[in-house]
Amino acid sequence: MLTSHLPLRPAWVEIDLDILRMNYDVINTDRAERAPQLKLISVLKDDAYGHGAVPVAREAAKAGVSFIALVTLQEAVTLREAGIETPILLMGEREPAELPYCVDFNLTTVVNDVETARLLGGFAIKAGKRAPLHIKINSGMSRFGLRWDQAAPVIQEISRTPGIVIEGILSHFAMSDELDKTFARKQLERFMHLLAELQKSGIDIPLRHICNSGGFLDLSEAHFDLVRVGLLQFGVFPSQVCRRIPGIAPVMSVKSRIAFIQPLEVGDCVGYGMRYTATSPRRIAVIPIGYGDGFPRVRNEGAVLIRGRRAPLVGGVSMDAITVDITDIPDACRWDEVVIMGRDGSDEITAHEVAQWKKSVSYDVLVSWRSRLPRVYKP
Ligand SMILES: *Cc1c(COP(=O)(O)O)cnc(C)c1O
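All figures in this text were calculated on a predicted structure; none of them were measured in a lab.

1. Topic: the overall build of the protein
- A tally of helices and strands in the protein yields eleven helices and 21 strands.
- Oriented by its inertia axes, the alpha-carbon framework of the protein measures out at about 80 × 55 × 40 Å.
- For the protein, the residues scored as buried account for 54% of the 379 residues in total.
- Partitioning the intrachain contacts of the protein with sequence separation of at least 6 by distance along the chain shows that 66% fall at a separation of at least 24.
- Approximately 17300 Å² of the protein is accessible, and the part contributed by carbon and sulfur atoms is 53%.
- Computed over 45 positive and 45 negative side-chain charges, the separation of the two mean positions in the protein equals 1 Å.

2. Let's talk about the nonpolar core
- By size, the foremost hydrophobic cluster in this structure holds 121 residues, and its most contacted members are I137, I155, I306, I322, V324, I340 and W369.
- Looking at which domains feed residues into this core, each of domain 1 (18-234) and domain 2 (252-349) gives three or more.
- Once residues within four sequence positions are removed from consideration, I322 is found in contact with A285, V286, I287, I289, F295, V304, L313, V317 and I340.

3. As for the packing of aromatic side chains
- This model, assessed by the stated rule, comprises four aromatic pairs.
- Geometrically, the ring pair formed by Y49 and Y363 is tilted, given 6.2 Å between the ring centres and 40 degrees between the ring planes. Residue Y49 is located in helix α2 (residues 45-49), and its partner Y363 is located in helix α11 (residues 362-368); the two are separated by 314 residues in the primary sequence.
- With relative accessibility at 7%, the residue Y49 sits in the buried group.
- With relative accessibility at 30%, the residue Y363 sits in the partly exposed group.
- Consider the rings of F191 and F224, whose centres lie 5.4 Å apart with planes at 90 degrees: the pair is edge-to-face. Of the two residues, F191 sits in helix α8 (residues 182-200) while F224 sits in the loop between α9 (213-218) and β10 (226-229), which places them 33 residues apart along the sequence.
- The class for F224 is partly exposed, based on a relative accessible area of 22%.

4. Things to note about helix α1 (residues 17-34)
- Here α1 spans 26 Å end to end across 18 residues, near enough to the 26 Å set by a 1.5 Å rise per residue.
- L17, I19, L20, N23, Y24, V26, I27, N28, D30 and R31 are the residues of α1 that are buried.
- If you follow the buried residues of α1, they end up packed against β1 (11-16), β2 (39-43), α3 (53-62), α9, β10 and β21 (375-378).
- By the N-cap criterion, in which a side-chain oxygen at the helix start approaches the backbone nitrogen of a residue two or three places on, α1 is capped by D16, the distance to D18 being 3.0 Å.

5. Looking at the pattern of salt bridges
- Inspection of every chain in the model, using the stated rule, returns 25 salt bridges.
- A salt bridge links D325 to R282; the shortest N-O distance between them is 2.9 Å. In this pair, D325 is assigned in strand β18 (residues 322-325) and R282 in strand β15 (residues 282-287), connecting sequence segments 43 residues apart.
- What emerges from the salt-bridge pattern is a single network uniting R9, D293, D320 and R372.

6. Some remarks on the environment of H172
- In this fold, H172 is placed in the loop between β8 (164-170) and α8.
- Given the relative accessible area of 18%, H172 is considered buried.
- For H172, the side chain forms a polar contact with the side chain of R228, separated by 3.1 Å.

7. Regarding the sheet that holds β18
- Read from one edge to the other, the open sheet built from three strands follows the order β12-β15-β18, with strand pairing classed as antiparallel. The sheet terminates laterally at β12 (260-264) and β18, the two strands that pair on one side only. Strand-to-strand, the axes of this sheet are offset by a mean angle of 30 degrees, without reference to chain direction.
- In this structure, β15 lies alongside β18, joined through four bridges in antiparallel fashion. Bridge pairing in β18 links V286 to T323.

8. Quick look at the domain arrangement of the protein
- When cut into domains, the protein gives domain 1 (18-234) and domain 2 (252-349).
- If you average the C-alpha positions of domain 1 and of domain 2, the two centres end up 42 Å apart.

9. Some remarks on the site of the ligand
- Neighbouring the ligand are 13 residues, the closest being K45, Y49, S213, R228 and Y363.
- Here G230 contributes a backbone N or O atom positioned 2.9 Å from an oxygen atom of the ligand.
- The contact in question runs from an oxygen atom of the ligand to an N or O atom on the side chain of Y363, over 2.6 Å.
- If the ligand stood free it would expose 390 Å²; the protein chains cover 92% of that surface.
- Listing elements by their share of the shell around the ligand, those giving two or more residues are α2 and β10.
- For the shell around the ligand, the residue count by class is six nonpolar, four polar and three charged.

10. A few points about the pairing of strand β17 (residues 309-312)
- Inspection of the sheet shows strand β16 (residues 303-306) paired to β17 by four bridges, in the antiparallel sense. Residue pairing for β17: I306 is matched across the bridge by R309.
- What sits between the antiparallel neighbours β16 and β17 is a turn of two residues, in which R307 has the positive phi angle 50 degrees.

Cut-off values and rules
- Residues numbered from 1 in each chain as written.
- Predicted model: local features only at pLDDT ≥ 70, side-chain atom pairs only at ≥ 80, totals over all residues.
- Heavy atoms only, no water.
- Helix = DSSP H or I, 4+ residues; strand = E, 2+ residues; numbered from the N terminus.
- Buried < 20%, exposed > 50% of the residue type's maximum accessible area, 1.4 Å probe, protein only.
- Contact = heavy atoms within 4.5 Å.
- Areas by Shrake-Rupley, 256 points an atom, 1.4 Å probe, with all protein chains shown as cover.
- Lys, Arg positive; Asp, Glu negative; His and termini not counted.
- Charge placed at Lys NZ, Arg CZ, Asp CG, Glu CD.
- Core = buried A, V, L, I, M, F, W, Y, C linked by side-chain atoms within 4.5 Å.
- Domains from an automatic or database assignment.
- Phe/Tyr/Trp six-rings, centres within 6.5 Å; stacked < 30°, edge-to-face > 60°.
- Expected span 1.5 Å × (residues − 1).
- Polar contact = N/O pair within 3.5 Å; in protein donor to acceptor, adjacent residues only side chain to side chain.
- Salt bridge = Lys/Arg side-chain N within 4 Å of Asp/Glu carboxyl O.
- Pairing = 2+ DSSP bridges.
- Axes fitted to C-alpha atoms, helices over the stretch in contact; angles between N-to-C directions.
- Near = heavy atom within 4 Å.
- Nonpolar A, V, L, I, M, F, W, Y, C, P; charged D, E, K, R; others polar.

Shown next, in the form of structure tokens:
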């Protein structure tokens, strides 16, 4: 028997590339209406937020994004080897051993200090190239980047480094999608102050960017030349309070099937730890997806959609299964499709809702569906 013909297990992640294309259209239209010069960086780190880096990168390239932003060298090389020629912005911090590869694969490297710029320039010269780099500024997030009030002299030094071209300068918001924009504005002010300082000393950096999805939606005064859009392209808004663009829809759904139906009599328990006891006769559906697939490890909390209706979770979550109450969905049968995350009829389980069960954020929910769930692409 050919293992390539193995049936897919009855639990999977569905990626709708049509919706992804629609989201790019909607984002591009919104961008063009508000700021015609503004360009897009598609942030595709962590396997494109769990959607699959290569297929998503192909769509991003077709949608005309100016850069694809990634965090690990492996992610960048994977896209280059898949034939993606879009400029790649490699964010985060590089170890010296990674720098020759940045030159070799024509990556645009984000640099946080003079030493890395010098090493990068050295490797570029050896390869007969000039390495493009973007300088990261810490404007208050205190993760990567040169501190805003000490950056100017360091950038002057970097600008004199042979073998490199300072193509961009960037910073990152710690809080751009909440109603209170006080700190985001403070960060913006610090960034702008530094840019003015640089301009006075004759350093004009062509590409300036500070916005993530939240900043793109809510802080048009911070758009500069490029915006780095991650979550929004996948149809999930970064928070419940940020601006909504109509037409944006979630690209990812998670689905399964009813694998077994278990009748309960009064007093019967469900699952490890006997966390649920039936107080009336119930019908329980067993769904073959568990915390080993990234389903949050909740107890008697959460729900799935079957035939467009909610079936609440009962008991705990096992590694490979959850149990839901289908007493109120009498027509539900074995092998019916089950929506774990996504839309079914008029109801929807959003990444934000799953995040609440998980006591986490939508970003974490998207990237946490494990690779043992097959990815099914709707072309
Ligand atoms: C992840 C990331 C982004 C994208 O953020 P979203 O909120 O997903 O749009 C932008 N910039 C940096 C530096 C990031 O790490």
